[in-house]
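Chain by chain, the residues:
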Amino acid sequence: MPDFELRRIHAFVSEFARRQAGRTLTLPGGFAARDDAFAHSRGNNQVVIDGAVDPAALPALADEALGDLPFRLISVLDDATGQACAEPLVRAGYQHSVCLIMLHSGPPPAPGSGREAGVVGLDDLRVPLTRNWHGFLPDAGEEVVRHLVERREARRRGADVVHFLGSRAEDGEVASWADLYMDRASGTAQIEDLVTSEAHLGRGHADAVLAAALRMSVAAGCGTRFLIAEAEDWPRHWYARRGFTAVGRMHSFERA
């Protein structure tokens, strides 16, 4: 993969975090994205490192930027920088995980070969999202879950085009969903947060959502179509079977 294309993806991810944020704080090597409206959401309150940084200084930088919060999240976009930051952050009590940047190649799936998915609204997603978060975080309070559900509204600020996509079950409820973020000027599209309700697993809903996202991306002229998947989790293999190839790595550091 050409370096310029990976840099384009890094720039897209960084810009999305900036645009989505309620406010930002410039830091050496990056910035802190904060949103008091969703104070329980780590993704909305994190440090993003998108440039050169002193790894040894990073724990103190995060404490300064996120000191009023009971958690820490640091996302490092460049692989080499993330590897350099791992030792001091782990020593400071952070859990380190690696995510893969996976790029799609080839044509999108043709329509009419199975279930169909399309654009849905946040109102359509609230019930299945709430149920999913309660299942994933059974000890979380109502306010925490509400922030994790409603934070999707802030994502509309993150890119020029933001769609929520869903595939519906026979009763009309959204069974599987994902976000699609697009920047037509750079020809970049990100597919994010593809989830299927447990009651609807194995019925083709996720395939329908992914296919719809890819077709919409191609129709918008987005030649760079990517998603981010955890390096140690099974979905990376599911995506690989659908035309996605790992082309880069990002690093995430979390501390309770």
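That block above? That's the structure.
Residues numbered from 1 in each chain as written. Predicted model: local features only at pLDDT ≥ 70, side-chain atom pairs only at ≥ 80, totals over all residues. Heavy atoms only, no water.

Trainee: I'd like to hear about the overall build of the protein chain, residue by residue, with values.
Mentor: Scanning the protein chain from N- to C-terminus turns up 7 helices and 11 strands. Radius of gyration (C-alpha) of the protein chain: 18 Å, near the 18 Å computed for a compact globule of 256 residues. Counting only C-alpha atoms and orienting by the principal axes, one finds that the protein chain spans roughly 55 × 45 × 30 Å. Residues counted as buried form 49% of the 256 residues belonging to the protein chain. A separation of at least 24 residues holds for 68% of the contacts in the protein chain among residues at least 6 apart in sequence. Summed over its atoms, the accessible surface of the protein chain is roughly 11800 Å², and 52% of this surface lies on carbon and sulfur atoms. Distance between charge centres in the protein chain, computed from 28 positive and 35 negative side chains, equals 3 Å. (Helix = DSSP H or I, 4+ residues; strand = E, 2+ residues; numbered from the N terminus. Rg over C-alpha atoms; globule rule 2.2 N^0.38 Å. Buried < 20%, exposed > 50% of the residue type's maximum accessible area, 1.4 Å probe, protein only. Contact = heavy atoms within 4.5 Å. Areas by Shrake-Rupley, 256 points an atom, 1.4 Å probe, with all protein chains shown as cover. Lys, Arg positive; Asp, Glu negative; His and termini not counted. Charge placed at Lys NZ, Arg CZ, Asp CG, Glu CD.)

Trainee: Let's hear about the sheet that holds strand S7 (residues 161–168): which residues, and what values?
Mentor: Read from one edge of the open sheet, 11 strands run S1-S2-S3-S4-S11-S5-S10-S9-S8-S7-S6, paired in mixed fashion. Taken across any chain shown, the strands that pair with only one partner, and hence form the sheet edges, are strand S1 (23–27) and strand S6 (118–120). Adjacent strand axes in the sheet meet at a mean angle of 30° when their direction is disregarded. The sheet contact formed by strand S5 (residues 95–104) and strand S11 (residues 244–255) spans 10 bridges and is antiparallel. Across the sheet, the residue bridging to Val98 is His251, located in S11. (Pairing = 2+ DSSP bridges. Axes fitted to C-alpha atoms, helices over the stretch in contact; angles between N-to-C directions.)

Trainee: Summarise the nonpolar core; cite the residues concerned and give the values.
Mentor: Core analysis: the largest hydrophobic core is formed by 29 residues, its most contacted members being Leu125, Leu129 and Phe226. For this core, the leading source of residues is helix H1 (residues 3–20), giving 6 residues. Here Leu125 is in contact with Val120, Arg152, Phe164, Val174 and Trp177, once residues within four sequence places are set aside. Counting 27 residues, the second-largest nonpolar core is a separate cluster that includes Leu100, Met102, Leu180 and Met182. (Core = buried A, V, L, I, M, F, W, Y, C linked by side-chain atoms within 4.5 Å.)

Trainee: Please give an account of the environment of Val13 that cites residues and values.
Mentor: Residue placement: Val13 occurs in helix H1. Here the alpha-carbon distance between Val13 and Arg131, two residues 118 residues apart in the chain, equals 28 Å. Every residue in contact with Val13, bar those within four places of it in the chain, is listed here: Leu77, Phe226, Ile228 and Met250.

Trainee: Let's hear about the packing of aromatic side chains: which residues, and what values?
Mentor: A complete count under the given rule lists 5 aromatic pairs for this structure. Arranged with centres 5.8 Å apart and planes meeting at 70°, the rings of Trp133 and Phe136 form a pair that is edge-to-face. In this pair, Trp133 and Phe136 both sit in helix H4 (residues 122–136), 3 residues apart, roughly one turn of the helix. When its relative accessible area of 61% is taken as the criterion, Phe136 is described as exposed. Feature note: the residues Trp238, Tyr239 and Phe244 constitute an aromatic cluster, connected by ring pairs. Over the aromatic face of Phe31 sits the side chain of Arg18, whose NZ or CZ is 3.9 Å from the ring centroid. (Phe/Tyr/Trp six-rings, centres within 6.5 Å; stacked < 30°, edge-to-face > 60°. Lys NZ or Arg CZ within 6 Å of the ring centre and 35° of its normal.)

Trainee: Quick rundown of the pairing of strand S4 (residues 72–76)? Include the residues and the values.
Mentor: The element S4 is largely enclosed, with a buried count of 5 among its 5 residues. Here S4 shows a buried face lined by Arg72, Ile74 and Val76 and a second buried face lined by Leu73 and Ser75. One ladder, built from 3 bridges, connects strand S3 (residues 46–49) with S4; its direction is parallel. What sits directly across from Val47, in S4, is Ile74. With helix H2 (residues 58–66) bridging S3 and its parallel neighbour S4, the resulting β-α-β unit is right-handed. As paired strands, S4 and S11 are joined by 5 bridges and run antiparallel to one another. Its bridge partner being in S11, Arg72 is matched across the sheet by Arg255. (Right-handed = clockwise from strand over helix to strand, strands pointing away.)

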